[in-house]
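# A structural walkthrough
Below, each chain spelled out in residue letters.
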Amino acid sequence: LQQISNGDFDLDFVHGSRASLRIYQGAPGNAAVQDVVDGLVDIVIGPIRITGDRLKRTSFSMPIQYDRTVLVIPRPVLRRSYAEETSKVLDPFTMG
């Protein structure tokens, strides 16, 4: 980032504060957000999920990069016939 900005700003790499890490044990993302709220750091960059609780405390930019994390779950079993599945297309047009 410093190279892209041609030195327009300085960048320091820091870890979460001890106090926030102690309060939010096992949740470093919450600790990092709290450090922004407390004014200890200006921004946090990292793999931090946007949750409702975190949105209540601060704001987030658009994601800079999307990772390839996916959930793998069993394939749902369809218990309907082919006719029932295709009839769903007409559901919005039925009276009742």
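Our structure is the block above this text.
We now turn to the structure provided with this report.

## Description of the pattern of salt bridges
In this structure the tally under the stated criterion is 1 salt bridge. Asp 53 is paired through a salt bridge with Arg 57; the nearest N and O atoms lie 3.6 Å apart. You can see Asp 53 and its partner Arg 57 sitting in helix α3 (residues 52-57), 4 residues apart, about one turn around the helix. Given a relative accessible area of 22%, Arg 57 falls into the partly exposed group.

## A word on the side chain of Ser 20
Within the secondary structure, Ser 20 sits in helix α1 (residues 18-23). Ignoring anything within four residues of it in the chain, the contact list for Ser 20 reads Ala 31, Gln 34, Asp 35 and Asp 38.

Calculation criteria
Residues numbered from 1 in each chain as written. Predicted model: local features only at pLDDT ≥ 70, side-chain atom pairs only at ≥ 80, totals over all residues. Heavy atoms only, no water. Salt bridge = Lys/Arg side-chain N within 4 Å of Asp/Glu carboxyl O. Helix = DSSP H or I, 4+ residues; strand = E, 2+ residues; numbered from the N terminus. Buried < 20%, exposed > 50% of the residue type's maximum accessible area, 1.4 Å probe, protein only. Contact = heavy atoms within 4.5 Å.

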